Amino acid sequence: MSFAALRGAVGFLTRVPIGHDNTGWEAFTRTPATFPAVGYLVGVLGALVFLVPATPTVTAFLYVLVLYAVTGINHADGVADLGDAAVVHGDAERRREVLKDGTLGVGGTFALVGLIVGLVLVAVPLAGVPIAVAASIVIAAEVGARLGTAALVCVGTAPHEGLGSQLTGVNGPRSLVAPVLIALPAVVLARPSYVATAAVVAAVAVAVALYRWSGPTLGGVNGDVLGATTELGRLAGLLVGVLAWTLWTGDATLVGTLPTGEVTEVIAWTLS
C-alpha cells in the first residue's frame, strides 16, 4: 500500500483536509486495501467519543456528529438513492433513472431516517459498556463495513460508466486478499475478540446482501451501492457487536440503559 494510495483514500473517503490530486486518486482506485485502512482511522476517531464523561444520550449524539464530521454525507446519499430505487416499480433501467434523480422520495427519506435513528439508538448502549469493548465494536464495525465495500469493488461489475466503474474496472477477485489481511487486526487485537468478529461478519454480510440485490435490481454495483454498503455495514456491525456482548455476558442492564422517555426524545430530535 503506497502513501499516495492511502492519501487518496483518506481524501476521498473522509473530510480530513489532506488534499486531492489525480495521482492519489489513481493510486486509491487500484488499491482496495485502503478501504479497511481508512476504517481504522474513522473507527478510532469515533471511539474517542466514548471517553467523554457524558450521559448515554449525549454520547450517542456526539458519536453521530463526529462520525459525519469525519466522513461527510456522500455515502449517506447512496442510502437515500437506494431507498428510492428500492420502492420504485420497473426494470433495472427505470431504477437507475431514479438513482440519477436528485429529488428525495419517500423511500429515500425512510432509509435515511432509519439509518440515523439506528446509529443513535445503538450508540446509547455502547456508552454503557467498558471503553475497550466499545472501541473494539466501533473500530470493527467501521473496518468491516469498508472491507465489505472493498469486496464489492473487487468482485462487482458496474452497470455503467461512473464512480463504480472506475473502482470495479481496475480490480479483480485477487485484489481482495490485501483488504482481508488489513482488516484482520480489528478482530485479533480486539478485546474481547468475539464482539469484533461478530461486528465484522455482520458488516460483510450487508455487502453480500447488497451485491446479490444490486445485480438483478440495478444491473450491477455502482457508486450508490458502494456508499450504502459502508453506511449500512457500519450500522449492522454496531448492532450485532452490541448484541454479541449483551448475549455473551448476559448483561441485560444494557437494555435499560436508556429510559423510555429518553428514547422518545432521541427519536423526536432525529426526525426534527
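Residues numbered from 1 in each chain as written. Predicted model: local features only at pLDDT ≥ 70, side-chain atom pairs only at ≥ 80, totals over all residues. Heavy atoms only, no water.

Draft legend 1. A look at the overall build of the protein chain. Regarding its fold elements, the protein chain presents 14 helices and 0 strands. Seen in sequence order, the protein chain has helices and strands lined up from the N terminus as α-α-α-α-α-α-α-α-α-α-α-α-α-α. Relative to the globule expectation of 19 Å for 272 residues, the C-alpha radius of gyration of the protein chain, 18 Å, shows essentially globular dimensions. Buried positions account for 53% of the 272 residues belonging to the protein chain. For the protein chain, the share of sequence-separated contacts (at least 6 apart) that also reach a separation of at least 24 residues comes to 76%. Accessible surface computed for the protein chain: about 12100 Å², of which carbon and sulfur atoms make up 67%. Charged side chains in the protein chain number 12 positive and 16 negative. The centres of these two groups are separated by 9 Å. (Helix = DSSP H or I, 4+ residues; strand = E, 2+ residues; numbered from the N terminus. Rg over C-alpha atoms; globule rule 2.2 N^0.38 Å. Buried < 20%, exposed > 50% of the residue type's maximum accessible area, 1.4 Å probe, protein only. Contact = heavy atoms within 4.5 Å. Areas by Shrake-Rupley, 256 points an atom, 1.4 Å probe, with all protein chains shown as cover. Lys, Arg positive; Asp, Glu negative; His and termini not counted. Charge placed at Lys NZ, Arg CZ, Asp CG, Glu CD.)

Draft legend 2. Layout of the packing of aromatic side chains. For the coordinates displayed, the defined rule picks out 5 aromatic pairs. When the centroid spacing of 5.1 Å and the interplanar angle of 65° are considered together, the rings of Phe-12 and Trp-25 count as edge-to-face. Remark: Trp-25 occurs in helix H2 (residues 22–29) and Phe-12 occurs in helix H1 (residues 3–13); sequence separation between them is 13 residues. Put simply, the rings of Phe-12, Trp-25, Phe-28 and Phe-35 touch in pairs and so form one group of aromatic residues. (Phe/Tyr/Trp six-rings, centres within 6.5 Å; stacked < 30°, edge-to-face > 60°.)

Draft legend 3. Just the environment of Val-133, in detail. Tracing the backbone shows Val-133 in helix H8 (residues 131–155). Separated by 78 residues in the primary sequence, Val-133 and Thr-55 have C-alpha atoms spaced 18 Å apart. With sequence-adjacent residues up to four places away left out, Val-133 is seen in contact with Arg-191, Pro-192 and Trp-245.

Draft legend 4. View of the pattern of salt bridges. Counted according to the given criterion, the structure contains 4 salt bridges. Measuring nitrogen to oxygen at the nearest pair gives 2.7 Å for the salt bridge that ties Asp-21 to Arg-7. Taken together, the residues Asp-21 in the loop between H1 and H2 and Arg-7 in helix H1 connect sequence positions 14 residues apart. You can call Asp-21 partly exposed: its relative accessible area is 33%. Two residues, Arg-146 and Glu-142, come together in a salt bridge whose shortest N-O distance is 3.3 Å. Of the two residues, Arg-146 and Glu-142 are both situated in helix H8; the distance of 4 residues between them amounts to about one turn of the helix. Several salt bridges share partner residues, and in doing so they unite Glu-142, Arg-146, Glu-231 and Arg-234 into one network. (Salt bridge = Lys/Arg side-chain N within 4 Å of Asp/Glu carboxyl O.)

Draft legend 5. Highlighting the packing of helix H5 (residues 74–87) against helix H6 (residues 92–100). Contact pair H5 / H6: the axes reach a minimum separation of 8 Å and the direction vectors enclose 145°. Taken as a pair, H5 and H6 cross one another with a handedness that is right-handed. Residues Asp-81, Leu-82, Asp-84, Ala-85, Ala-86 and Val-87 of H5 lie in contact with H6, whose contacting residues are Arg-95, Val-98 and Leu-99. Its residues assigned to classes, the contact of H5 with H6 comprises 6 nonpolar, no polar and 3 charged. (Axes fitted to C-alpha atoms, helices over the stretch in contact; angles between N-to-C directions. Left-handed = near helix turned anticlockwise from the far one by under 90°. Nonpolar A, V, L, I, M, F, W, Y, C, P; charged D, E, K, R; others polar.)

Draft legend 6. Expanded view of H8. Counted at 1.5 Å a residue, the expected span for H8 with its 25 residues is 36 Å, and the 36 Å between its end C-alpha atoms agrees. Of all 25 residues that make up H8, 22 are buried, and the element is covered over most of its length. (Expected span 1.5 Å × (residues − 1).)

Fair warning: the whole summary comes from geometry, so function is off the table for now.
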